[in-house]
Amino acid sequence: MFAQAARQRDPEEDGERFRNKAMAAPLLIAICARVLAPHKIPESEQVLAVGAAAMNMLNALHLLGYGGFWATGLNSYDPRVQRALGLGEADRLLGFLYVGTPKEATRAPERRAPESFVREWSGAAR
Ligand SMILES: Cc1cc2nc3c(=O)[nH]c(=O)nc-3n(C[C@H](O)[C@H](O)[C@H](O)COP(=O)(O)O)c2cc1C
C-alpha cells in the first residue's frame, strides 16, 4: 500500500523505498485521531491526547524490551493511504509506530543542558 501510494504520487517512482520502509519493522501501528468539531474539547487537545497515548505506547513497549520509533513522512499525509486504512473525513493519521526487537543497543543522544531552554517563572515583576 505504501509502494502503491508512492507510485501514484509520482509515476517516476517505483515505490521500492516505501515498501522497504513498511517492511523495516515487524509491526506498524497506525496512530489515528478522530477529531470532532465543533466539540467542547478543542481540536488541539483531541490531537494531543492521542499523541500522549502514542507516547505511552512507546514507553510501554520499551519497558517490555522492544524498540519503537514514531515516524510520519509522505505516506502519513497521503489521502490514498488514509482511505486504504479505512480512515474517514474526521480522522487524522498522525504517523506510524515502527515496533520490533532492537538489533543493537542504542546510546541516549546528547542533550542540550535544560538551563538553555527551561525558564523558571516566579511571579510578575513588581
Ligand atoms: C509525531 C512525530 C513524527 C515523527 N516523524 C519522524 C519521521 O518522519 N522521520 C524521522 O526520522 N523521525 C521522526 N520522528 C522522530 C523525531 O525526529 C525524533 O527523533 C524523536 O521524536 C526523538 O526526539 P528527541 O531526540 O528530541 O528525543 C517523529 C517524531 C514524532 C513525535
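Preceding block: the structure.
Residues numbered from 1 in each chain as written. Predicted model: local features only at pLDDT ≥ 70, side-chain atom pairs only at ≥ 80, totals over all residues. Heavy atoms only, no water.

Asks: Explain the overall build of the chain to me, and be specific about the residues and the numbers.
Replies: Along the backbone of the chain there are 4 helices and 3 strands. N-terminal to C-terminal, the α/β element order of the chain is α-α-β-α-β-α-β. Against the 2.2 N^0.38 benchmark of 14 Å for 126 residues, the chain shows a C-alpha radius of gyration of 19 Å, more extended than a compact globule. Projecting the C-alpha coordinates of the chain onto the three principal axes gives extents of approximately 65 × 45 × 30 Å. The proportion of buried residues among the 126 residues of the chain is 25%. Put simply, 64% of the contacts in the chain that link residues at least 6 apart link residues at least 24 apart. Working note: accessible area of the chain is about 9800 Å², and carbon and sulfur atoms make up 56% of it. (Helix = DSSP H or I, 4+ residues; strand = E, 2+ residues; numbered from the N terminus. Rg over C-alpha atoms; globule rule 2.2 N^0.38 Å. Buried < 20%, exposed > 50% of the residue type's maximum accessible area, 1.4 Å probe, protein only. Contact = heavy atoms within 4.5 Å. Areas by Shrake-Rupley, 256 points an atom, 1.4 Å probe, with all protein chains shown as cover.)

Asks: Can you break down the environment of Phe2 residue by residue, with the values?
Replies: Looking at the element boundaries, Phe2 is found in helix H1 (residues 2-9). Sequence-wise, Phe2 and Pro109 are 107 residues apart; in three dimensions their C-alpha atoms are separated by 30 Å. The contact partners of Phe2, leaving out residues within four places of it in the chain, are Phe18, Ala22, Leu28, Asn75, Val81, Phe96 and Tyr98.

Asks: Lay out H1 in plain terms, naming residues and giving numbers.
Replies: Residues Phe2, Ala3, Ala5 and Ala6 constitute the buried set of H1. The arc that holds the buried residues of H1, viewed along the axis, is 165°, so those residues lie on one side. Close packing links the buried residues of H1 with helix H2 (16-22), strand E1 (27-34), helix H4 (79-84) and strand E3 (91-100). (Arc of directions from axis to C-beta.)

Asks: Could you give me a rundown of the packing of aromatic side chains, with the residues and numbers involved?
Replies: If you walk through the whole model with that rule in mind, you get 1 aromatic pair. The interplanar angle of 70° and the centroid separation of 5.2 Å between the aromatic rings of Phe2 and Phe96 together place this pair among those described as edge-to-face. Of this pair, Phe2 sits in helix H1 while Phe96 sits in strand E3, and the two are 94 residues apart along the sequence. We classify Phe2 as buried; its relative accessible area is 7%. (Phe/Tyr/Trp six-rings, centres within 6.5 Å; stacked < 30°, edge-to-face > 60°.)

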